[in-house]
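Working through the structure, step by step
Next come the chains, spelled out residue by residue.
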Amino acid sequence: MCVGMGSFSDPSKAQGLAHFLEHMLFMGSSEYPDENEYDSYLSKHGGSSNAFTEAEYTCYYFEVNREYLKGALNRFSQFFISPLVKAEAMEREVLAVDSEFNQVLQNDSCRLLQLHCHTSSPGHVFNRFFWGNKKSLFDAMENGVNLREEILQIYRGNYHGGMMKLVIIGGEPLDILEDWVVELFSPVKAGPPLKLTAKIDMPIWKVGKLYKLEAVKDVHILDLSWTLPCLHKEYLKKPEDYLAHLLGHEGKGSLLYSLKSKGLATSLSAGVGDEGMRRSSVAYIFVMSIYLTDLGLEKMYEVIAAVYQYIKLLQQSKPQEWIFKELQDIGNMEFRFAEEQPQDDYAVELSENMLFYSEEHIVYGEYAFEKWDPELVEYVLSFLSPDNMRIDLLTKSFDKHSKAIQYEPWFGSQYIEEDIPPSLFNSWRIPAEIDPSLHLPAKNEFIPCDFTLRGANMLKSPNTNDPRCIVNQPMMKFWYKIDLTFNVPRANTYFLITVKDGYNSLKNCVLTELFVKLLKDELNEVLYQAEVAKLETSLSILGDKLELKLYGFNDKLPFLLSKILSLSKSFVPSIDRFKVIKEDMERAYRNTNMKPLSHSSYLRLQILRERFWDIDDKLSTLLELSLSDLTAFIPNLLSQLHIEGLCHGNLSEEEAVSLSNIFTNIFDVQPLPVELRHQERVLCFPLGASLLRSVHVKNKLEMNSVVELYFQIEQDIGLEATRLRAITDLFSNIIEEPCFNQLRTKEQLGYTVECGPRMSYRVLGFCFRVQSSKYSPLYLQNRIDNFIGGLQGLLDGLDDECFENHRSGLIAEKLEKDPSLSYETGHYWSQIVENRYSFDMSKVEAEELKTVQKNDVINWYNTYLKPSSSKCRQLTIHVWGCNTNITEEAKLQEKPWEVIEDINALKTSSNFYSSLC
């Protein structure tokens, strides 16, 4: 359900009210007064829910197993008919809104967006605080604002049929779905239809200003923003997308290509974002984000001059119909062969589309490049001028001693506002010359022409159900499955390339990462062109393995693979690119673990994995490396290889074999023996272990603390493994909603409260995790322990019907068909990466679940989570926020914790599970 009212409707006396209203609608209705009735119903029937507030609309959505759709709709409809907006729940939900805000308090992009709001014209609809927090809402109450009355007023004025767009995707015939809507949503109040009309408003920002904002992460990001008129009604022409395609291009002749060749930038993006503030009826905001190098930071004004040279080139070249035609072909091809996405995502997308597109284009609107209008392109291009530009520089290189420092009040971020010299403005308005390296892109050679379906005349057979191994040689093992389910001209081809000595020392690990980053930089032009044509590539590192994925339209996939491998084989890094990429890597290492949640996961894996190179050690090593170190290393790295791959989709078996041949023909090297491949082993906790690792947050201003409680179960091997996974999943399904309801809704510990299974290199575990900006890890630990201790009563009290709902809901979830080729490939690939090869694992687990009884779940809990059990083995991670006192940890000495001070010493004295992957 998309309601055409968002944060722009916040009264200035209660900022964040629209977001707060979204939270309050979950807190019960006249028909279902229990606060967690809706979430509990969904949880029991394989479902989940969420909501979000945008600038001009608010969206609520859920998914549930098919046979329970009507029951869920009944509960959902009451949000829009008779919400209770309970006075007693309001204070708790203000804290939930506050926790949500505190999640992004140290987020650079959110801080920049709020600076945009803070520095916009007083009285402008942008000039407000959209998130809302404890201060904005409690201050309103202290100033005499009756929050409940304000919420009800905004609800009564906007939550009516004329403002609502509803999308239901279900398995029943359309007539039945329609009858349900009439039956359940008829009581929704009627009202006039929503009109998102373009508004003529005051200027958003002052012209001629540069805003320098202190960054949390080690980055230099230059943002140039231009205000365009609202283009909602021009979606069939998409002039802003045409310009974004050219200004954000990465091929030869592009702005980025030129900036990279001069060592000034590492990446660039351009366009009108999807966020409501940047794509509203007030204005479209066209943003160009340029990630600068240290040299680029020094020469920032030269970078801006280059932007205006490219804009001048576009003005002189005039709009090109052949470029629009390329975008049109790509849009039509994407629409014609669109992959299904998860149904809840699709429902959200369609409900948003109903706000902006005419009825006939609700499904097609975002793909449409229907009308070529060069005059409109020129008109929109005319807004990309210095006189309509806002400049923001987000950087760690911030003068903290400047007397010009100001503070944005909500995030507390420091910024400086400076005037741009008029002489610079004049030089940008009329560039004296255009850099000869700048030109329009060449025609895209990756746009597919052949959409023939290879399996059009094939019948499904046992031979086509799961991937088959079609190549099994010492150097190459290759799996293949033709797609007979989705019938789209797409293919996904994944490779796991084990390199020699890529992870066997700290130095080699860093050199491997450096090699991959430089290689991606070298391949960027080719990969970008392919990506524009919807044939995408990813290259990442897993230990001593490079994971190469090619996915998208299959026609040019062999051509792309050949280009990638040929360039990789002949690749010799240059000193210029080495310096830039090394600098970029240093920054990436410094920025690792800045978010407490990712920091806690990192610490858990650092302890679990036998060999794990610490990020600070990697940074120290990187600083010492030279180009000659790398050039000496590469030949050995690629001298012996082992490749395991999967080809899944619209390619014949012969075509798949030829893909594997491309690999072995280009890399004609010796196979890498098994004993030289890195074998990851996981620490086996001793019986009754209770380990604790405690650290400060990396970012000294980060208020959020995290507790991650990990229980080690068993290694995922042998006949019992399937049953153990099934019981673990069922336990998770039963306790997930009560965990959220208790620790988040009732106790308001923090915005992030989660629990669930963890599979670490084929060792099964179970995790509880809470992030809080208010409480210390000791308090959080106590509350999680209390919840886990109370699970005995919860499980014992589970009646047969409730247990059966959870079990049948989980079985249905496991038997649910993958929505798209990509999802199916992902499931097959995880089996290959984990060396399990159980391609029908979900079906086998669903079958196993049919025999699992409530007592099995209770026994599982008593065995693995109850502290009195010898098989209860736990690792606790405490990440202490800046507003907590880590010395409190001394109190824990009363408990039987083994505090981990020296990780290497722990590993030296520990046993490890045998390696499975």
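Summarised in this report is the structure supplied together with it. (Residues numbered from 1 in each chain as written. Predicted model: local features only at pLDDT ≥ 70, side-chain atom pairs only at ≥ 80, totals over all residues. Heavy atoms only, no water.)

In this section: a negative patch on the surface. A surface patch of like charges, here negative, comprises Glu63, Asp345, Glu736, Glu813 and Glu816. Using a relative accessible area of 38% as the deciding quantity, one classes Glu813 as partly exposed. (Patch = residues over 30% accessible without salt bridge, like charges linked within 9 Å, V, L, I, M, F, W, Y side chains within 5 Å. Areas by Shrake-Rupley, 256 points an atom, 1.4 Å probe, with all protein chains shown as cover. Salt bridge = Lys/Arg side-chain N within 4 Å of Asp/Glu carboxyl O. Lys, Arg positive; Asp, Glu negative; His and termini not counted. Charge placed at Lys NZ, Arg CZ, Asp CG, Glu CD. Buried < 20%, exposed > 50% of the residue type's maximum accessible area, 1.4 Å probe, protein only.)

So, about the packing of helix α18 (residues 557-570) against helix α23 (residues 653-666). How two helices pack is summed up by the angle between their axes together with the distance between the axes. Taken N-terminus to C-terminus, the directions of α18 and α23 make an angle of 15 degrees; their axes are 10 Å apart at the nearest point. With respect to α23, the axis of α18 lies roughly parallel. Read as a crossing pair, α18 and α23 show a hand that is right-handed. From α18, Leu557, Pro558, Leu561, Ser562, Leu565, Ser566 and Lys569 reach across to α23, where they touch Leu659, Ile662, Phe663 and Ile666. Looking at the contact of α18 with α23 residue by residue, the class counts come to eight nonpolar, two polar and one charged. (Axes fitted to C-alpha atoms, helices over the stretch in contact; angles between N-to-C directions. Helix = DSSP H or I, 4+ residues; strand = E, 2+ residues; numbered from the N terminus. Parallel < 35°, antiparallel > 145°, perpendicular 65-115°, else oblique. Left-handed = near helix turned anticlockwise from the far one by under 90°. Contact = heavy atoms within 4.5 Å. Nonpolar A, V, L, I, M, F, W, Y, C, P; charged D, E, K, R; others polar.)

This brings us to the packing of aromatic side chains. What the rule picks out here adds up to 63 aromatic pairs. Plain terms: the ring middles of Phe126 and Trp205 are 6.3 Å apart, the flat faces sit at 70 degrees to each other, and that makes the pair edge-to-face. On the criterion of sequence distance, the pair formed by Phe126 in the loop between α5 (108-118) and α6 (134-142) and Trp205 in the loop between α8 (174-185) and β5 (209-214) is long-range, its members being 79 residues apart. Across the pair, Trp205 and Phe126 agree in class, each one buried. (Phe/Tyr/Trp six-rings, centres within 6.5 Å; stacked < 30°, edge-to-face > 60°.)

Before going further, it helps to spend a moment on the sheet that holds strand β6 (residues 220-228). Overall, mixed pairing links the seven strands, which are arranged β7-β8-β6-β9-β5-β11-β10 in an open sheet. Edge positions in the sheet fall to β7 (265-272) and β10 (406-407), since each of these pairs with one other strand and no more. Examined bridge by bridge, β6 and strand β9 (residues 389-395) share seven bridges and lie antiparallel to one another. Looking at β9, one finds that Ile221 is bridged to Leu394. (Pairing = 2+ DSSP bridges.)

Taken in spatial order, the four strands line up as β2-β3-β1-β4 in an open sheet, and their pairing is antiparallel. Edge positions in the sheet fall to β2 (48-53) and β4 (164-165), since each of these pairs with one other strand and no more. The sheet contact formed by strand β1 (residues 2-3) and strand β3 (residues 58-63) spans two bridges and is antiparallel. From the neighbouring strand, Val3 faces β3, where its bridge partner is Thr58.

What the rule picks out here adds up to seven cavities of 30 Å³ or more. Quantified by volume, the largest cavity comes out at close to 150 Å³. Around the largest cavity, the lining comprises 15 residues; the ones closest to its centre are Ile497, Leu519, Leu546, Leu565 and Ser568. In the lining of the largest cavity, the residues fall into 14 nonpolar, one polar and no charged. By volume, the second largest cavity is sized at about 80 Å³. Surrounding the second largest cavity, Leu25, Phe26, Gly28, Ser29, Tyr32, Asp34, Glu35, Glu37, Tyr38, Arg75 and Phe79 form its lining. Among the residues forming the lining of the second largest cavity, the class breakdown is five nonpolar, two polar and four charged. (1 Å grid on protein atoms, 1.4 Å probe; cavity = no way out; pocket = protein on both sides within 12 Å on 5 of 7 lines; lining within 4 Å. Points joined across faces, edges and corners; volume = space filled by probe spheres on them.)

Take the nonpolar core next. The biggest cluster of nonpolar side chains holds 93 residues, and the ones touching the most others in it are Ile497, Leu514, Phe515, Leu560, Leu630 and Leu641. Sort the elements by how many residues they give to this core and helix α17 (residues 506-532) lands first, with 13 residues. Discounting chain neighbours no more than four positions away, the residues touching Leu630 are Leu511, Leu514, Phe515, Leu518, Pro573 and Phe578. With 52 residues, the next largest nonpolar core counts Leu255, Leu259, Phe369 and Leu438 among its residues. (Core = buried A, V, L, I, M, F, W, Y, C linked by side-chain atoms within 4.5 Å.)

Let's shift gears to the pattern of salt bridges. Tallied over the entire structure, the rule returns 56 salt bridges. Note that Arg762 and Asp716 form a salt bridge whose closest N and O atoms lie 3.5 Å from each other. With Arg762 in the loop between β22 (752-760) and β23 (763-772) and Asp716 in the loop between β21 (705-715) and α24 (721-746), the pair connects residues that are 46 residues apart, well separated along the chain. When its relative accessible area of 8% is taken as the criterion, Arg762 is described as buried. Given the relative accessible area of 4%, Asp716 is considered buried.

This part covers the pairing of strand β16 (residues 545-553). Within β16, seven of the nine residues are buried, leaving the element largely enclosed by the surrounding structure. Here strand β15 (residues 535-542) hands over to β16 after two residues, with Gly543 in that stretch at a positive phi of 65 degrees.

On to helix α22 (residues 627-637). Restricting attention to buried positions, one finds in α22 the residues Leu627, Leu630, Phe633, Ile634 and Leu637. Projected down its long axis, α22 shows its buried positions confined to an angular sector of 125 degrees, all on one face. Exposed residues pointing more than 90 degrees away from the buried face of α22 are listed as Ala632 and Pro635. Elements in contact with the buried residues of α22: α17, α19 (575-591) and β17 (640-649). (Arc of directions from axis to C-beta.)

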